[in-house]
Amino acid sequence: MKKIVVTGADGFIGSHLTEALLAEGYEVKALAQYNSFNNWGHLEGLRHENLEVVTGDVRDAAFCRHLLKGADTVMHLAALIAIPYSYVAPESYVDTNVKGTLNICQAALDLGLERVLVTSTSEVYGTAQYVPIDEKHPRQPQSPYSASKIGADAIAKSFHNAFGLPLTIVRPFNTYGPRQSARAFIPTVITQIANGARQIKVGDLSPTRDFNFVTDTAAGFIAIAKSDEAVGRELNIATGTEVSMRDTLETVARVMGAEVEFTVDPERLRPSKSEVFRLCGDSTELRRLTGWAPKVTLEEGLRRTAEWFLNDDHLKQYKSDIYNR
């Protein structure tokens, strides 16, 4: 049985990935960020004989060595991800995203782990210069967040090139689904509708995104971890289709049976040069190496997501009237 460490396991994608790994029979050590409340985020309530939850912080190098002892593989997802907050707290993003990745890579190298997966983001590409976006597309740091992830990717790749660390950079495009943070577009629309709003506050509705349902993203991670040919590569997890924010809003309203209007909230607009206006990913390499393909259509994924948020116990965790940076 492989023992896999998942950092950021208390988060949105990380918790779904943890569940998927357990379902496939792996032994998982799941990292939740240390806090004095002993809160495990989205791992709360998850119990499994092959699951060990630990709390800590990837910004601490000594802790990272302690975390990875005895593991075969690490899937590194721990990161600060909210773009608006990166405008006001950029140093935090460097500390967590760049230094945290450095600490994980150094610990994995020192301890001789068999595989390291480092999570990137489609935001490193910025507004598409061509579509579909393949892994050779230029990097464009259009926000402090994307700059920190470009830096983290570079640190990780250097450990493969300089030291032979068996590493893959995993680059999901726009993942959505149950448990996603309210700072993301789809949850903020769903929670406003679910709480009775018919005048929906949004940002710019013209950009396009390549949406992955979260179970498909998790399946991509696992497929990459199983592929020896993926070592040393950067791999997109993408559907190859793009949908505008406006069309996404209309689809959410349709699956929820709601008639809504939208109003642009200036607080939700990015600076003009920071907005990523077009994302559409090319996952040819991932499909060729692993056979991965998305299984959940956007409409079906939005329906599943809305159903989760409509559960009263879930909905009350979100403050739909407050914009979450």
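Here the structure is shown first, and the text comes after it.
For every chain, the first residue of its written sequence is number 1, and the numbers climb from 1 along that sequence. Note on the predicted model: pLDDT of at least 70 is required for a residue's local features to be given, and 80 or more for side-chain atom pairs to be given and counted; whole-chain, interface and lining totals, by contrast, use all residues. In computing side-chain values, all of the structure's heavy atoms are included and hydrogens and water are not.

Asker: I would appreciate a short explanation of helix H10 (residues 298-309) in the present structure.
Answerer: An α-helical segment advances 3.6 residues per turn. Residues three or four places apart therefore align on the same side. To qualify as a helix, a DSSP run of H or I must reach at least 4 residues; to qualify as a strand, a run of E must reach at least 2; elements of each kind are numbered from the N terminus. Expected span of a helix, by definition, is 1.5 Å for each gap between consecutive residues, and there is one gap fewer than residues. Taking 1.5 Å per residue as the helical rise, H10 with its 12 residues ought to reach 16 Å, and the 16 Å between its terminal C-alpha atoms agrees with that figure. Burial classes follow relative accessibility: with a 1.4 Å probe on protein chains only, a residue under 20% of its type's maximum area counts as buried, one over 50% as exposed, and anything between as partly exposed. Taken together, the buried positions of H10 are occupied by Gly301, Leu302, Thr305, Ala306, Trp308 and Phe309. Angularly, the buried residues of H10 cover 155 degrees about the axis, an arc narrow enough to put them on a single face. Turning to H10, the residues buried within the fold contact strand S7 (174-176), helix H6 (185-194), strand S10 (211-213), helix H8 (245-255) and helix H11 (312-315). Each C-beta atom gives one direction from the helix axis, and the arc is the one those directions make. We call two residues contacting when some pair of their heavy atoms lies within 4.5 Å.

Asker: Would you take a moment to explain empty space enclosed by the protein for this structure?
Answerer: Any empty space left between atoms is shown by rolling a water-sized probe over those atoms. Here the term cavity refers to a set of points on a 1 Å grid, laid over the protein atoms alone, in which a 1.4 Å probe fits but cannot get out; the term pocket refers to an open set having protein on both sides within 12 Å along at least five of seven lines, with lining residues being those that place an atom within 4 Å of a point. Grid points are joined across faces, edges and corners, and a volume is the space filled by probe spheres set on the points. A complete count under the given rule lists 1 cavity of 30 Å³ or more for this structure. Counted as a void, the largest cavity has a volume near 40 Å³. In terms of lining, the largest cavity is formed by His76, Leu77, Ala78, Ala79, Asn97, Thr101, Val118, Thr119, Lys149 and Ala152. Of all the secondary-structure elements, those providing two or more residues to the lining of the largest cavity are helix H4 (90-111), strand S5 (115-119) and helix H5 (144-163). When its residues are assigned to classes, the lining of the largest cavity shows 5 nonpolar, 4 polar and 1 charged. Each residue is assigned to one class: nonpolar for Ala, Val, Leu, Ile, Met, Phe, Trp, Tyr, Cys and Pro, charged for Asp, Glu, Lys and Arg, and polar for all the others, Gly among them.

Asker: What am I meant to see in the sheet that holds strand S3 (residues 51-56) here?
Answerer: Either a parallel or an antiparallel arrangement is found when strands of a sheet pair, and the pairing is made through backbone hydrogen bonds. A sheet is described by the order of its strands in space; here 7 strands give the open sequence S3-S2-S1-S4-S5-S6-S11, paired in parallel fashion. Looking at which strands have only one partner, the edges of the open sheet turn out to be S3 and strand S11 (234-237). Strand-to-strand twist in this sheet, taken as the mean axis angle between neighbours without regard to direction, amounts to 20 degrees. By definition, two strands form a pair when at least two bridges between them are found by DSSP. One ladder, built from 4 bridges, connects strand S1 (residues 3-7) with strand S2 (residues 27-33); its direction is parallel. With axes taken as lines fitted to C-alpha atoms, and helix axes fitted only over the stretch in contact, angles between N-to-C directions fall between 0 and 180 degrees.

Asker: Please clarify how the environment of Ser120 should be interpreted in this entry.
Answerer: With respect to the helices and strands, Ser120 occurs in the loop between S5 and H5. On the basis of relative accessible area, Ser120 is assigned to the buried category, the value being 5%. When the C-alpha atoms of Ser120 and Ala79 are compared, they prove to be 9.6 Å apart, with 41 residues separating the residues in sequence. Not counting residues within four places of it along the chain, the set of residues in contact with Ser120 comprises Lys149, Asp153, Ile169, Val170, Arg171 and Pro172. Nitrogen and oxygen atoms within 3.5 Å of one another constitute a polar contact, given that in protein one can donate a hydrogen and the other can accept it, and given that sequence-neighbouring residues count only through two side-chain atoms. In terms of polar contacts, Ser120 uses its side chain to reach the side chain of Asp153, at 2.6 Å. In this structure the side chain of Ser120 is engaged in a polar contact, spanning 2.9 Å, whose partner is the side chain of Arg171.

Asker: What is the right way to read the state of the cysteines from this model?
Answerer: Formally, a disulfide is one covalent bond, and it connects the sulfur atom of one cysteine to the sulfur atom of another. Only a pair of cysteine sulfur atoms within 2.5 Å qualifies as a disulfide here. Inspection of the entire model under this criterion finds 0 disulfides. With no disulfide of its own, Cys64 lies 9.9 Å from the sulfur of Cys105, the closest cysteine sulfur. A relative accessible area of 0% means that Cys64 is categorised as buried. In this structure Cys105 comes out as buried when scored by relative accessible area, which is 0%.

Asker: Just to check I follow, could you spell out the packing of H6 against H8 for this structure?
Answerer: The geometry of a pair of packed helices is captured by two quantities: the angle between their axes and the separation between those axes. For the pair H6 and H8, interaxial distance at closest approach is 10 Å and the crossing angle is 35 degrees. Here the hand of the crossing between H6 and H8 comes out right-handed. When H6 is examined against H8, the residues Phe185, Ile186, Val189, Ile190 and Ile193 are found in contact with a partner set consisting of Met245, Thr248, Leu249, Val252 and Ala253. Split by residue class, the contact of H6 with H8 holds 9 nonpolar, 1 polar and no charged. Handedness of a crossing is defined here by the sense of rotation of the near helix relative to the far one, left-handed for an anticlockwise turn of less than a right angle and right-handed for a clockwise turn.

Asker: Just to check I follow, could you spell out the pattern of salt bridges for this structure?
Answerer: Side chains carrying opposite charge are able to pair once their charged atoms draw close together. The term salt bridge refers to a pairing of a side-chain nitrogen on Lys or Arg with a carboxyl oxygen on Asp or Glu at a separation within 4 Å. Overall, the coordinates contain 22 salt bridges when judged by the stated rule. Arg268 is the salt-bridge partner of Asp265, the closest N and O atoms lying 3.0 Å from each other. Given a relative accessible area of 16%, Asp265 falls into the buried group. Judged by its relative accessible area of 12%, Arg268 is buried. Several salt bridges converge on common partners, so that one network encompasses Arg139, Asp153, Lys157, Arg171 and Glu234.

Asker: Before we go on, may I ask you to explain the packing of H8 against H10 in this structure?
Answerer: Packing of H8 against H10 leaves a shortest axis separation of 9 Å and a crossing angle of 55 degrees. Relative to H10, H8 is oriented oblique. For the pair H8 and H10, the sense of crossing is right-handed. In this structure, H8 uses Thr248, Thr251, Val252, Arg254 and Val255 to contact H10, whose residues at the interface are Glu299, Leu302 and Arg303. In the contact of H8 with H10, the residues fall into 3 nonpolar, 2 polar and 3 charged. Angle categories are assigned with fixed cut-offs, so that under 35 degrees is roughly parallel, over 145 is roughly antiparallel, 65 to 115 is roughly perpendicular, and the rest are oblique.

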